[in-house]
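Understanding the architecture of this molecule
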Amino acid sequence: MAEPGEQLPEEVLALIFRHLPLWDRASAARVCRAWAAAATSSTVWHNTNINCDCEREGMLPPYLSACLDHVHNLRLEFEPSREASRRAATEMLTALTGRSPGLRGLCLECRGEKPLFDAGRDVLDAVHAICRAARELHHLDLRRLPFTLDDELVLQVARGCPELRSLFLNNGTLVGSVGPDSVLKLLEFCPYLRALGLHLASLSHTALKALAAPHRAPFELLALRCACPEDARAPPLPDEAWAALRRRHPRLTVELELEPTLPAESVTCVLQPAVPVAALRLCLSADTVGPVRFAAQHYASTLRVLEVRAATSTELDAALELLAARCVGLREVHCFCVVRPSVLQAFRAHCPRLRSYTLKLTREPHPWRPMLVA
């Protein structure tokens, strides 16, 4: 009798097994020799997504441990308030430390709420260990990590990951502990960096000048989050520094995320005409109409994504209609409040490249789903 799996080539089995959780990969590897070869092939493990809430205790059997050498890009989800999920995440990161050839990309995503007063030391220690040994790491995304990221971590990344291409530290914490000097060290030791996500307070005029230096590799994305008290106190960056950065990197795009803790006077300092804003996300407790009008006036040629969370008002509707008429290159617009029909009509009429939108004419139960444009 033919062994199971002989009817399918190894390449096809590998494409199927790459979507399985770790324990199911382990089960598949025990079926027969053909399935074992497919389940342990590099194709299955090269890009690996792991949800620690779906895995069992001891989620990686010993005979699959060698497969971790094949993991180049890892997306790891866990829930920090669940001890088993958290332990599984730290164990996986520890198991990947020092592997050869090592990780190329790491993205950590936390689900649910973190425990009160939880500094995440166990998780951050595991990230430190990864960065100490990951000389070939190209991409590190910590945006969904709800713990305070500090200078020590940034300096570890700078020293340990010289090939880094993208680093995202613009997470949701309300305490900004990454200083501008650490960012300068990062730019010095990681000359190939092309994308960087920070809290606004971590960025300085000197950093913009370093990014605009003639010897730097092309820089493409700067994602800035403005949410903590340090961001509100950050001095405005000169327009001429932004202009020089745009001349050096014509393809540069900036993403701005403004949170409710940002006072109105700080908003006017953050929104500067020379910044090439491609994505603007507004969730302000103060005036939202003014920033939307500012974007319509100054970001008409660059704005591609707009997200607004605000109270319904005729003034906001009018500002959105103005923005629709001027920002004709928009790809996405998401407004999480009820708008009048003329707002929807304006975006449909003036923005031919619109791919999705959230523009509700009546109140609906949440979550609101975007409408895809055919």
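Presented here is a report on the structure given in the accompanying data block.

Rules of the game
- Residues numbered from 1 in each chain as written.
- Predicted model: local features only at pLDDT ≥ 70, side-chain atom pairs only at ≥ 80, totals over all residues.
- Heavy atoms only, no water.
- 1 Å grid on protein atoms, 1.4 Å probe; cavity = no way out; pocket = protein on both sides within 12 Å on 5 of 7 lines; lining within 4 Å.
- Points joined across faces, edges and corners; volume = space filled by probe spheres on them.
- Nonpolar A, V, L, I, M, F, W, Y, C, P; charged D, E, K, R; others polar.
- Axes fitted to C-alpha atoms, helices over the stretch in contact; angles between N-to-C directions.
- Helix = DSSP H or I, 4+ residues; strand = E, 2+ residues; numbered from the N terminus.
- Parallel < 35°, antiparallel > 145°, perpendicular 65-115°, else oblique.
- Contact = heavy atoms within 4.5 Å.
- Left-handed = near helix turned anticlockwise from the far one by under 90°.
- Buried < 20%, exposed > 50% of the residue type's maximum accessible area, 1.4 Å probe, protein only.
- Phe/Tyr/Trp six-rings, centres within 6.5 Å; stacked < 30°, edge-to-face > 60°.
- Lys NZ or Arg CZ within 6 Å of the ring centre and 35° of its normal.

Structural notes on the layout of surface pockets
Any empty space left between the atoms is revealed when a probe the size of a water molecule rolls over them. Estimates place the volume of the largest pocket at around 530 Å³. If you trace the largest pocket, you find 19 residues lining it, with Arg143, Arg144, Asn171, Gly172 and Arg225 closest to the centre. Residue composition of the lining of the largest pocket, by class: six nonpolar, four polar and nine charged.

Focus: the packing of helix α14 (residues 314–326) against helix α15 (residues 341–350)
Their axes nearest at 8 Å, the elements α14 and α15 cross at an angle of 5 degrees. By the angle class used here, α14 and α15 are roughly parallel. Residues Asp317, Leu320, Glu321, Leu323, Ala324 and Ala325 of α14 pack against Ser342, Val343, Ala346, Phe347 and His350 of α15. Looking at the contact of α14 with α15, its residues break down into seven nonpolar, two polar and two charged.

Points about empty space enclosed by the protein
A full pass over the atoms with the stated rule returns two cavities of 30 Å³ or more. Around the largest cavity, the lining is made up of 16 residues, and of these Leu200, Leu237, Cys269, Val270 and Gln272 lie nearest the centre. Elements with a minimum of two residues in the lining of the largest cavity: α10 (229–233) and α12 (264–270). When residues of the lining of the largest cavity are assigned to their parent elements, the largest contribution, three residues, is made by α12. Among the residues forming the lining of the largest cavity, the class breakdown is 13 nonpolar, two polar and one charged.

What to know about the packing of helix α5 (residues 83–96) against helix α6 (residues 121–133)
Two packed helices can be described by the angle between their axes and the distance between those axes. Packing of α5 against α6 leaves a shortest axis separation of 9 Å and a crossing angle of 15 degrees. Here α6 runs roughly parallel to α5, going by the angle between their axes. The chirality of how α5 crosses α6 is left-handed. Here Arg86, Thr90, Leu93 and Leu96 of α5 come into contact with α6, specifically with Arg121, Asp122, Val123, Ala126, Val127 and Ile130.

Thoughts on the environment of leucine 211
As for its position among the elements, leucine 211 is in helix α9 (residues 205–211). On the basis of relative accessibility, which here comes to 1%, the residue leucine 211 falls in the buried class. Sequence separation of leucine 211 and glutamate 265 is 54 residues, and the distance between their C-alpha atoms is 27 Å.

Observations regarding the packing of aromatic side chains
Going through the model one piece at a time under the given rule, you end up with three aromatic pairs. Ring centres of phenylalanine 294 and tyrosine 299 lie 5.7 Å apart, and the angle between their planes is 70 degrees; this geometry places the pair in the edge-to-face category. According to the relative accessible area criterion, tyrosine 299 is buried, its value standing at 0%. Aromatic side chains phenylalanine 336 and tryptophan 368 sit 6.5 Å apart centroid to centroid with 25 degrees between the ring planes, which places their arrangement in the stacked category. In this pair, phenylalanine 336 is assigned in the loop between β11 (332–335) and α15 and tryptophan 368 in the loop between β12 (356–359) and β13 (371–372), connecting sequence segments 32 residues apart. The exposure class of tryptophan 368 is buried, given its relative accessible area of 8%. One residue, arginine 143, lies across the ring of phenylalanine 168, its end atom 3.9 Å from the ring centre. Just above the ring of phenylalanine 336 sits the side chain of arginine 309; from NZ or CZ to the centre is 4.1 Å.

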